[in-house]
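# Observations on the three-dimensional arrangement
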Amino acid sequence: MTDITIPGGKIRSFIERIENLDAELQELNEQKKEVFSEAKGEGFDVKILKEIVKLRKQDQDERDERESLLDLYMRAMETAPADKAAAKAA
């Protein structure tokens, strides 16, 4: 073995900080669930609320590009002839 000294106290400090952050994240996630539950109780669609949160995280250019591609793909599907194999599967 080599004579390498491992700073156990420093490692413990990092581990404890990570564990504390994990506990804080868990608490925040519980609070988030409560907010969604409250919104659902007031008649809001939670899936839509989550989609809005996701969209608000994107910058405007990214959102515009996504919406353009979605529109392009939807129009392409609508104008394409029906596939007999896909129709049988449905």
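Residues numbered from 1 in each chain as written. Predicted model: local features only at pLDDT ≥ 70, side-chain atom pairs only at ≥ 80, totals over all residues. Heavy atoms only, no water.

## Observations concerning the overall build of the protein
- Within the protein one finds four helices and zero strands.
- Going from the N terminus to the C terminus, the protein shows its helices and strands as α-α-α-α.
- At 25 Å, the protein has a C-alpha radius of gyration far larger than the 12 Å of a compact globule built from 90 residues.
- Viewed in the frame of its principal axes, the protein has a C-alpha envelope of about 75 × 45 × 35 Å.
- Scored against the burial criterion, the 90 residues of the protein give a buried share of 6%.
- Of the roughly 8,800 Å² that the protein leaves accessible, carbon and sulfur atoms contribute 57%.
- Counting 16 positive and 21 negative side-chain charges, the protein places the averaged centre of each group 5 Å from the other. (Helix = DSSP H or I, 4+ residues; strand = E, 2+ residues; numbered from the N terminus. Rg over C-alpha atoms; globule rule 2.2 N^0.38 Å. Buried < 20%, exposed > 50% of the residue type's maximum accessible area, 1.4 Å probe, protein only. Areas by Shrake-Rupley, 256 points an atom, 1.4 Å probe, with all protein chains shown as cover. Lys, Arg positive; Asp, Glu negative; His and termini not counted. Charge placed at Lys NZ, Arg CZ, Asp CG, Glu CD.)

## Some details on the packing of helix α1 (residues 8–41) against helix α2 (residues 46–57)
- Where α1 contacts α2, the axes come no closer than 9 Å and their chain directions differ by 130°. The pairing of α1 with α2 is recorded here as oblique in orientation. Between α1 and α2 the crossing geometry is right-handed. Where α1 approaches α2, its residues F36, A39 and K40 are matched on the opposing element by V46, L49 and K50. (Axes fitted to C-alpha atoms, helices over the stretch in contact; angles between N-to-C directions. Parallel < 35°, antiparallel > 145°, perpendicular 65-115°, else oblique. Left-handed = near helix turned anticlockwise from the far one by under 90°. Contact = heavy atoms within 4.5 Å.)

## Describing a nonpolar patch on the surface
- Residues I4, I6, I11, F14, I15 and I18 make up a contiguous nonpolar surface patch of about 610 Å² in total accessible area.
- Tracing the sequence through the fold places I18 in helix α1.
- Under the relative-accessibility criterion, I18 is labelled partly exposed at 47%. (Patch = residues over 30% accessible without salt bridge, like charges linked within 9 Å, V, L, I, M, F, W, Y side chains within 5 Å. Salt bridge = Lys/Arg side-chain N within 4 Å of Asp/Glu carboxyl O.)

## Here we look at the UniProt feature "coiled-coil region" (unreviewed entry) in the protein
- Those places that UniProt annotates as "coiled-coil region" (unreviewed entry) correspond, in this numbering, to residues 11–38.
- Taken end to end, residues 11–38 comprises 100% helix and 0% strand; its first and last C-alpha atoms sit 41 Å apart. (UniProt positions renumbered as here; feature names shortened; annotations may be inferred.)

## Re the packing of aromatic side chains
- Scanning all chains against the criterion turns up zero aromatic pairs.
- If you follow K50 out to its NZ or CZ, it ends over the ring of F36, 5.2 Å from the centre. (Phe/Tyr/Trp six-rings, centres within 6.5 Å; stacked < 30°, edge-to-face > 60°. Lys NZ or Arg CZ within 6 Å of the ring centre and 35° of its normal.)

## Describing the UniProt feature "domain: GapR-like DNA-binding" (unreviewed entry) in the protein
- Annotation from UniProt places "domain: GapR-like DNA-binding" (unreviewed entry) at residues 10–78.
- Overall, residues 10–78 shows 91% helix and 0% strand. The separation of its end C-alpha atoms is 61 Å.

## Some thoughts on the pattern of salt bridges
- The final tally for this structure, using the stated rule, is three salt bridges.
- Between E51 and R66 there is a salt bridge whose closest N-O contact spans 3.5 Å. Of this pair, E51 sits in helix α2 while R66 sits in helix α3 (residues 60–79), and the two are 15 residues apart along the sequence.
- We classify E51 as partly exposed; its relative accessible area is 30%.

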